[in-house]
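Descriptive analysis of the structure
Below, each chain spelled out in residue letters.
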Amino acid sequence: GAVVSQHPSWVICKSGTSVKIECRSLDFQATTMFWYRQFPKQSLMLMATSNEGSKATYEQGVEKDKFLINHASLTLSTLTVTSAHPEDSSFYICSASGTLYEQYFGPGTRLTVT
Amino acid sequence: GNSVTQMEGPVTLSEEAFLTINCTYTATGYPSLFWYVQYPGEGLQLLLKATKADDKGSNKGFEATYRKETTSFHLEKGSVQVSDSAVYFCALSVTNAGKSTFGDGTTLTVKP
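Here's a quick rundown of the structure. (Residues numbered from 1 in each chain as written. Chains lettered and ligands numbered in written order. Predicted model: local features only at pLDDT ≥ 70, side-chain atom pairs only at ≥ 80, totals over all residues. Heavy atoms only, no water.)

Quick look at the state of the cysteines
Residues and elements named next belong to chain B. We count it as follows: When two cysteine sulfur atoms lie within 2.5 Å, the pair is treated as a disulfide. Each helix is a run of DSSP H or I of at least 4 residues and each strand a run of E of at least 2, with the numbering of both proceeding from the N terminus.
Scanning all chains against the criterion turns up two disulfides over all chains. Two residues, Cys23 and Cys90, share a disulfide whose sulfurs are 1.9 Å apart. Between Cys23 and Cys90, the disulfide has an S-S torsion of -70° and is therefore left-handed. Note that Cys23 is positioned in strand β4 (residues 23–26) and Cys90 in strand β10 (residues 86–93), a separation of 67 residues in sequence.

Some details on the sheet that holds strand β8 (residues 76–81) of chain A
Residue and element names in this part refer to chain A. The line we're drawing: For two strands to pair, DSSP has to find at least two bridges joining them. Convention adopted: a line fitted to C-alpha atoms gives each axis, helices being fitted over their contacting stretch, and angles between N-to-C directions are expressed from 0 to 180 degrees.
Ordered by their spatial adjacency, four strands build an open sheet running β1-β3-β8-β7, and the pairing between neighbours is antiparallel. Edge strands, defined here as strands with exactly one partner in the open sheet, are β1 (4–7) and β7 (67–73). Pairwise comparison of adjacent strand axes, ignoring direction, gives a mean angle of 15° for this sheet. As paired strands, β1 and strand β3 (residues 19–25) are joined by four bridges and run antiparallel to one another. Bridged to Val4 within β3 is Ser25.

Thoughts on the pairing of strand β2 (residues 11–14) of chain B
Residues and elements named next belong to chain B. Formally: Only protein chains enter the accessibility calculation, which uses a 1.4 Å probe. A residue is then buried if its area is under 20% of the maximum for its type, exposed if over 50%, and partly exposed in between.
Residues Val11 and Leu13 of β2 are buried on one face, while the alternating residues Thr12 and Ser14, pointing to the opposite face, are not. One ladder, built from four bridges, connects β2 with strand β12 (residues 106–111); its direction is parallel. When the bridges of β12 are listed, Thr12 appears paired with Thr109.

A look at the packing of aromatic side chains
Here the distance between the centres and the angle between the planes together describe a pair of aromatic rings. The condition is simple: Here is the rule: rings of Phe, Tyr and Trp (six-membered ring for Trp) pair when centre to centre is within 6.5 Å. Planes less than 30 degrees apart are stacked, more than 60 are edge-to-face, and the remainder are tilted.
Enumeration according to the criterion identifies 11 aromatic pairs over all chains in this entry. Ring plane angle 80° and centroid distance 5.1 Å describe the contact between Phe105 of chain A and Tyr36 of chain B, whose orientation is recorded as edge-to-face. With Phe105 of chain A in strand β10 (residues 103–105) and Tyr36 of chain B in strand β5 (residues 32–38), this pair bridges two chains. The exposure classification of Phe105 of chain A matches that of Tyr36 of chain B, with both residues buried. Centre to centre, the rings of Tyr36 of chain B and Phe102 of chain B are 5.7 Å apart; their planes meet at 45°, and the pair counts as tilted. Here Tyr36 of chain B is found in strand β5, whereas its partner Phe102 of chain B is found in strand β11 (residues 100–102), with 66 residues between them in sequence. Comparing Tyr36 of chain B with Phe102 of chain B shows no difference in burial state: the two are buried. Grouped by ring-pair contacts, the aromatic residues Tyr36 and Phe105 of chain A together with Phe34, Tyr36, Phe89 and Phe102 of chain B constitute a single cluster.

Some points on the sheet that holds strand β9 (residues 75–77) of chain B
All names here are of chain B. Ordered in space as β3-β9-β8-β7, the four strands form an open sheet in which the pairing is antiparallel. Unpaired on one side and paired on the other, β3 (19–21) and β7 (56–59) mark the two borders of the sheet. If you compare each strand with its neighbour and ignore which way they point, the axes differ by 15° on average. As judged from the four bridges shared by β7 and strand β8 (residues 62–65), these two strands associate in the antiparallel manner. The residue of β8 that forms the bridge with Ser58 is Glu63.

Here's the deal with the side chain of Gln103 of chain A
Definition in use: Whenever a nitrogen or oxygen atom comes within 3.5 Å of another N or O atom, the pair is scored as a polar contact, on the condition that within protein one atom can donate a hydrogen and the other can accept it, and that pairs from neighbouring residues in sequence are kept only if both atoms are in side chains.
Among the structural elements, Gln103 of chain A can be located in strand β10. Side chain to side chain, Gln103 of chain A and Ser100 of chain B meet in a polar contact 2.8 Å long.

Structure (structure tokens):
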């Protein structure tokens, strides 16, 4: 089946620094990738839709200048959390769109900002 | 707009008990329906799916039938195991771009 990887799986950073999270589709090309945020014991909140070669589409309430998304190739999308603060600590999950309307999810990245 | 409503959890069952997690939806168009499972500390995995009315998705002993008349996609398993303990998400998608709408998730704990 389709495999999506994320790197890193967990990261701790200091307040004010930036963190980059990579999402890769390993065995298929994904023209569309999605970035989600998940708080403990809560559902996934879609942050943005990332399309290869074009600007990402952000959901309402998501700061595009804070959460920079780049989809440079058909197998790689990156999420950069700029000037991170403790309230940005969360579990970030990416997914890549496959066929038949389904999504393939990465294993997630746990971000802790101290 | 589109929405998914799941049965509230948490759900706690004994091993070998019967499981039902209710899911209803509202959608414009003709959605595809999914159940995803999330084990602790991991991302989501597709458990099963159905793409049109009356389809039954099944995997690992889990089943769900796409009921258009009741706009439902309830998840069932005849005999749960401790290893089934996880969070289950019902979701729908109405476009081939893959963007999905998720329910709030239902936490299942199975005790030996």
